[in-house]
Amino acid sequence: MSQGLAGYVIRRLLWTVPVIIAISILVFLLLRLAPQDPIDSLLGQRYDEEIAERLRQKYGYDRPLHIQYLKYVQNLFQGDLGVSTKHGDFSVAEVIIPKIRVSAGMGIMAIVLVFGLGIPVGVYAALVRGSFLDPLIIGFWLLIDSIPVFVSAVVAPWLFALQLGWVDLTYEGVLHPNIILPVFVMSLPGVAGVARLMRASVIQVSNEEYVRTARAKGLRERTVVVSHVVRNALLPMITAIGLSLPGLFAGSLFVELLFGIPGIARESLQAVLGFDFDVVLGLVLFGSVLFVLANILIDIAYGFIDPRIRITAARGG
Amino acid sequence: MSNRTLGLMMGAVALLIVAVAVVFVLVLSGGDGGDGDDTPARPASDSADRDDATDDRSTQEADDRDDGDRTTGGICGENRLVTFGDDPATVFDPIQIGDASTAEYTAEIFGGLVTLNLDLEVVPDIAERWEITDGGHVYTFFLRDDVVFHNGRRVTAEDVKYSLERAADPANFSPTVLDYLGDIVGVRDKFNGRADDISGVQVVDEYTLRIELTEPISYFLQQLTYTVAYVVDREQIEDDPNNWTRRPNGTGPFRVKTFRPLEEIVLIPNDRYHLGPPKVDEVVFSLSGGSLSTRFQNDEIHVALVPAVELAGVLSGESELSEFYRPVPQLSIFYLGFNVNEPPFDDPLVRQAFAHAINREAINEVLFFDAAVVADGILPPTLPGYAEAVTTYPYDPERAAELLAQSRYADDMPRIILTFSGGGGDPPDNLQAYQQQWREALGVEVEIEAIEWSAYLRELRRGTFQMYSAGWIADYPDPENFLGKLFSSESRLNHTGYENERVDALLNEAATLGDQEARFRLYHEAEQLIIDDAPIIPTFWTISHYLVRECVQNWVDPGTIVPKYRYIEIDTSGE
């Protein structure tokens, strides 16, 4: 890594700090200023003013907002994200880390599936453009894409579990074969987008002069396509993969709800509905850090693939 | 295109796509594609390979399954019960629990002096017997000498005293201790920080405990069956004050094997349980996974709920699920509450008119497929002390219109808002039906408003609603838990503002009467008076609609929190 790139990365990383702080203040204020009271939600019908008051003291909700926030940040720097009011003595990290693992595991499988299918499909569609196969293939994946997840997540279990008996629906962990169905349900709609992006990219690159030059040099068609067209056409894919990373950790709400998967999306929904302050805050912070990091990763990856960008970066752009 | 390799690769992908598409179309057009499958059913796993069966039970090949009759093998081949559950709302600390689903698990893990049997009668648990003296003021409990915690430590009267004092300790914020144990002398003092111990709880000797009450309430033993009175292990709590609830050392029939929030809770038997150890090897509460009824059909779970869309078919006997159907009346009621201090519902005639104007029978038939029970009273039919003689206002639109015409607000009806707890979207169908029926019978336009749950509870406490939709589930099986809690002018759960001297007198008298029959008669009188005054309109008693595999024996749902899984047996013989 050149010194310029290192400096660039460090600068970018430093910039994430104010971004994260701004996000945390915003979310903190939004949560605290909302009319809901987590103690109300916690005690439910058993609400008693005295107990509620003691619980507010215990969780520090009785203190002024800025003190609450500073206390939160102070704990944050000690690696303490707070405690879940919904799950009693479970710390936020304990609540969300297992869920992140589940969603991330499924997300990685989904990414492999989406890009593993989408890229070859897109390349093929570009290579056969003009023939009937091109619209047929893209059309087929668009059809899949247009089935909403809340439909396929209901139809797929009926089809593959009840009618065909290929899978079970009990959740047995992210490495168990039962996870295949939900992963397919959440991934297949994404294939069309990747395929179309790849197709457009391949077509665009095919028209570049250096491709013509390569052909003119008498290189074999295979070499031209693989080394010159596809490699360069993959560039936008890097952005696409990078940008889809945080989304994967975020999980897919419908899939997690309808397949009952204990992932981050289901936990987020529960945390928001139950006003589990610290958990919501922890989740949002986690998501923002991930998003910022993914963007930096994309930039670095660009540098490796396209030297022109690296040079610009080294110059301090 | 001259590039052969790439072309071939792409061709293979295209072929795969086409293959998937063809299968899709075939299956969709074929409908019951799985039925023609004639491969033999998977053999029942015997006890020798049970462990293997557990490990790879879901990697079973697809063709081992067929749709209909799977009593041999499958989920009925193992001596473990797989059922569903809700994610616990709190940790397994008996004094923190206020919701039914967490209480259900806790009741299996812990125990108290007394417990309930499946008929909802109070029966001995840690206490072998008890004497009631001083006109009902003093309870002396004689403890069994063979009760142990899960770790083998013997339970003594000191443990019971510690547990009760821990519940009342102000540092522990128990939301339920005053409701259930507040009648013990000294509990309030301890809870308010005015005393270090509960003066009304005395250890007489190692196995004798004396509890003194401020009032000789006759439902004290019922209250003692609630989780807040369960016995906990002082040593464990003091050793690990923050994390002991993950593997609580209770005295109940089951121990916690695993608890993964949003995933599953697995309980395993306490083999030394003094009332008879459980018969299954494991109880799995599945908190995750796909649709319950699909998994039930797919032989992955023993117990499920009937989904709303299937209910009509299941009830009519036409569904293939009908043979597994088990309706279970719950100890709960839905009702519409009025603020009896605000116009227009400060006039009883308006409330009565509203009650007469709704046709609950029609709503039950059309909207609920007759799957609920029209509440002809407040106390549910399965509650001890239920009285058939009590009746509610029947559907009578003419009478309703007459009553309204006689009321103070006949010509000057203020704006009326009915609030329910919920999110966006349309209000529940039944509320819209009431709205329509009020409009037709009374010419009154009622607006319906949704409000988020915690705000709903807060406004309910403050009494700001004019009219609201609510429900109540019994905490313990006694009429007091409905009538005393909801309608006594002294109860903090009385959200209607209802106050009737005669009702208060009856409730107070009934609370301390020893003779159960006479006591129930007082409650019946109070119940009818309340219904006549109409601070609420009882609408429906609820029924839970279960699906239960036939190999599960002694499965019952008593409708309230009762330790019940130790009775269950799985018939693995495949009959």
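Residues numbered from 1 in each chain as written. Chains lettered and ligands numbered in written order. Predicted model: local features only at pLDDT ≥ 70, side-chain atom pairs only at ≥ 80, totals over all residues.

Description of the confidence of the model for chain A
Per-residue confidence for chain A gives a mean pLDDT of 83, with 92% of residues at or over 70. The weakest mean pLDDT in chain A belongs to helix α15 (residues 307-314) of chain A at 55; the strongest belongs to helix α6 (residues 133-145) of chain A at 91. (pLDDT = per-residue confidence, 0-100. Helix = DSSP H or I, 4+ residues; strand = E, 2+ residues; numbered from the N terminus.)

Considering the interface of chain B and chain A
On the chain A side, the residues contacting the 51 residues of chain B number 54 residues. Listing elements by their share of the side of chain B that touches chain A, those giving two or more residues are α1 (4-30), α9 (292-297) and α15 (453-462) of chain B. Of all the elements, α1 of chain B adds the most residues to the side of chain B that touches chain A, at nine residues. Partitioned by chemical class, the residues of the side of chain B that touches chain A number 19 nonpolar, 23 polar and nine charged. (Contact = placed C-beta atoms within 7 Å. Nonpolar A, V, L, I, M, F, W, Y, C, P; charged D, E, K, R; others polar.)

A word on helix α18 (residues 516-533) of chain B
All names here are of chain B. With 18 residues, α18 ought to run about 26 Å at 1.5 Å a step, and its terminal C-alpha atoms sit 26 Å apart, in line with that. Along α18, the residues that are buried comprise Arg519, Phe520, Tyr523, His524, Ala526, Glu527, Ile530 and Ile531. Close packing links the buried residues of α18 with α16 (479-487) and α17 (501-512). Positive phi appears at Ala534, one or two residues downstream of α18, with a value of about 55°. (Expected span 1.5 Å × (residues − 1). Buried ≥ 20, exposed ≤ 12 C-beta atoms within 10 Å, placed from the backbone.)

Some points on unusual backbone geometry
Residues and elements named next belong to chain B. Across the junction of Pro343 and Pro344, the peptide omega takes the value -5°, indicating a cis bond. Relative to the helices and strands, Pro344 resides in the loop between β12 (325-338) and α11 (348-357). Its identity is not glycine, yet Asp134 carries a phi of approximately 55°, on the positive side.

Let's talk about the nonpolar core
The biggest cluster of nonpolar side chains holds 144 residues, and the ones touching the most others in it are Val177, Leu181 and Leu483 of chain B. Aside from chain neighbours lying at most four places away, what touches Val177 of chain B is Ile95, Ala167, Ala168, Val187, Phe191 and Val228 of chain B. Leu127, Ala195, Val205 and Val224 of chain A belong to the second largest nonpolar core, which has 50 residues in total. (Core = buried A, V, L, I, M, F, W, Y, C linked by C-beta atoms within 7 Å.)

Thoughts on α15 of chain B
An α-helix turns once per 3.6 residues; consequently, residues spaced three or four apart project the same way. Taken as a whole, α15 of chain B has its buried residues at Ser454, Tyr456, Leu457, Arg458 and Leu460 of chain B. Residues of α15 of chain B that are buried in the fold lie against α2 (38-43) of chain A together with β14 (416-421), β15 (446-451) and β16 (467-473) of chain B. Looking one or two residues beyond α15 of chain B, the residue adopting positive phi is Gly463 of chain B, at roughly 70°.

Thoughts on the sheet that holds strand β5 (residues 138-143) of chain B
Residue and element names in this part refer to chain B. Read from one edge to the other, the open sheet built from four strands follows the order β4-β5-β7-β6, with strand pairing classed as antiparallel. Each of the sheet's edge strands pairs with one partner strand only, and the pair in question is β4 (127-133) and β6 (201-205). Each strand axis lies, on average, 20° off the axis of its neighbour in the sheet, ignoring direction. Two strands pair when backbone bridges link them, and β5 and strand β7 (residues 208-212) are joined in this way by five bridges, in the antiparallel orientation. Counterpart to Phe142 in the pairing with β7 is Thr208. Sheet strands touched by helix α4 (residues 157-168): β5, β6 and β7. Its angle to β6, the strand with the most contacts, is close to 175°. (Pairing = 2+ DSSP bridges. Axes fitted to C-alpha atoms, helices over the stretch in contact; angles between N-to-C directions.)

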